[in-house]
Amino acid sequence: MKQIFADLHIHIGRTESNLPVKITAARDMTFHRIVQEASNRKGISMIGIIDAHSPAVQAEIEAGIMNGTYMEHPYGGILYCNTLCILGVEVECKEAHTGPYHMLAYFPTLAKIKEFTAWIAQHMKNVQLSTQRLYQPVSSFIKKVKDLQGLVVPAHIFTPFKSLYGSATTSIEDLLDITSLDAVELGLSADTTMADQISELASLPFLTNSDAHSLPKIGREYNKFLLEEANFQELSYVLKQKQGRKILANFGLNPFLGKYYETFCSTCKQQKTSSTIFCSTCGKKKEVTGVKDRIAMIADQPTTSPTFRPPYIHQIPLAFLPKVGPKTITKLIEHFGSEMNILHHASLQEISEITNTQLANLICQARENTLAVQKGGGGTYGKIISLLPIQQ
Ligand SMILES: [Zn+2]
Ligand SMILES: [Zn+2]
């Protein structure tokens, strides 16, 4: 068996013909640019392209298969060079008594996701676009995905406004059949230690994905899988821990860097320091509950990880490091082959030879998690604010 990196939540901005898919995503996020970026620069062998439900995107994939650019893998997924693309979708669900929340689904083949598109097209306003409201109960969504041999994963489950725990419920079991889920996605502001304070999640694998809306953000979170080969069937085995397949590790942002870690007052734009519902600065009640406080509200146990839970490794992508611009990143990638190699394998010596000692030390401190971080909240990412003395 082999170890691979997988990032299963990447959005498409536009089609090659410039039709919008995810309006908030970068225009150069086309299907082809994404698979190229993952394969050539990021070193990610399995990517989940959310928005593959869009008929115009499906037409592009079909054309690519016809002209030999892509190949449908016999066990599911679309192959481009050494990268396997899993076809996925993100929809917004909402029950009468809940706020809206996002759900992901993945399908084995283009034919299956096309069938899914034909169904959702009857229940949403514009099937061309990403993350549209599905006017159906979540139970119907899950049933449809399962009928098509797909996988169901609630997206970024703690983020305010658009997630199961953030805006819909304090208990997933109250809302849907939790045994029908294949995994949950933690989101950028949470990690395993935080999520394992909720007992109903004990049987579910955790996924850490980038939710990238631009090419550089692909792989800012990802998973390391142990499997026979990158294909859809193996992915389903990984999530079910079948025949020795498993998630070996989750690589995620330090949650402090996520956009919604701290509770944030939307009136005075300040991070809240107290846990009362009123802002300690302006006294108003309008607030964006941070993931930290939301988990404290719904937690029902001290952190208790099931034995199968892999380690969660905090990482800081190159783009988050101070004074590391796109030119430096390109230079490093050209030398080391991929961002994964730089973040996790290249030696200090090698990095300083290509750039400088200061940057090599930064990368090393990022690996060791010793950089000082200003926490994110209210939709603003956290950032690296100061550097510890550089060790010689
Ligand atoms: Zn989402
Ligand atoms: Zn998304």
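Here is what the cut-offs are and how they apply
- Residues numbered from 1 in each chain as written.
- Chains lettered and ligands numbered in written order.
- Predicted model: local features only at pLDDT ≥ 70, side-chain atom pairs only at ≥ 80, totals over all residues.
- Heavy atoms only, no water.
- Helix = DSSP H or I, 4+ residues; strand = E, 2+ residues; numbered from the N terminus.
- Rg over C-alpha atoms; globule rule 2.2 N^0.38 Å.
- Buried < 20%, exposed > 50% of the residue type's maximum accessible area, 1.4 Å probe, protein only.
- Contact = heavy atoms within 4.5 Å.
- Phe/Tyr/Trp six-rings, centres within 6.5 Å; stacked < 30°, edge-to-face > 60°.
- Lys NZ or Arg CZ within 6 Å of the ring centre and 35° of its normal.
- Donors = N, O, S within 2.8 Å, 3.2 Å for Na, K, Ca; no water.
- Axes fitted to C-alpha atoms, helices over the stretch in contact; angles between N-to-C directions.
- Parallel < 35°, antiparallel > 145°, perpendicular 65-115°, else oblique.
- Left-handed = near helix turned anticlockwise from the far one by under 90°.
- Nonpolar A, V, L, I, M, F, W, Y, C, P; charged D, E, K, R; others polar.

This part takes up the overall build of the chain. In terms of helices and strands, the chain carries 12 helices and 16 strands. A globule of 392 residues ought to have a C-alpha radius of gyration of about 21 Å, and the chain, at 21 Å, matches this closely. Oriented by its inertia axes, the alpha-carbon framework of the chain measures out at about 55 × 50 × 45 Å. Expressed as a percentage of its 392 residues, the buried residues of the chain come to 56%. Taking the intrachain contacts of the chain between residues at least 6 apart in sequence as the baseline, contacts between residues at least 24 apart amount to 68%.

Aromatic rings considered in pairs are described by the distance between their centres and by the relative angle of their planes. What the rule picks out here adds up to 12 aromatic pairs. Judged by centre distance (4.9 Å) and plane angle (15°), the ring pair of Tyr222 and Phe251 falls under stacked. With a gap of 29 residues between them, Tyr222 in strand β10 (residues 222-227) and Phe251 in strand β11 (residues 246-253) connect regions that are remote in the sequence. Judged by relative accessible area, which is 0%, Tyr222 ranks as buried. Grouping aromatic residues by their ring pairs yields a cluster made of Phe107, Phe116, Trp119 and Phe141. Above the plane of the ring of Phe256 lies Lys375, whose end atom (NZ or CZ) is 4.8 Å from the centre.

Attention shifts here to the coordination of the zinc ion (ligand 1). A metal bound by six donors in octahedral fashion has ideal angles of 90 or 180 degrees, whereas one bound by four tetrahedral donors has an ideal angle of 109.5 degrees. Protein ligation of the zinc ion (ligand 1) involves Glu90 (OE), His102 (ND1) and His156 (NE2), the donor distances falling in the range 2.0 to 2.1 Å. Along the chain, the residues that donate to the zinc ion (ligand 1) are spaced as E-x11-H-x53-H. Separation of the zinc ion (ligand 1) from the zinc ion (ligand 2) amounts to 3.5 Å, with Glu90 serving as a shared donor to the pair. With a gap of 66 residues between them, Glu90 in strand β5 (residues 83-93) and His156 in the loop between β7 (151-154) and α5 (164-168) connect regions that are remote in the sequence. Since its relative accessible area comes to 8%, His156 is described here as buried.

Before going further, it helps to spend a moment on the packing of helix α2 (residues 55-66) against helix α3 (residues 110-120). With their axes 11 Å apart at the nearest point, α2 and α3 run at an angle of 160° to one another. Relative to α3, the element α2 is oriented roughly antiparallel. Relative to α3, α2 is oriented so that their crossing is left-handed. Contacts from Pro55, Gln58, Ile61, Glu62 and Ile65 of α2 reach α3 at Leu110, Ile113, Lys114 and Thr117. Split into classes, the residues belonging to the contact of α2 with α3 amount to 5 nonpolar, 2 polar and 2 charged.

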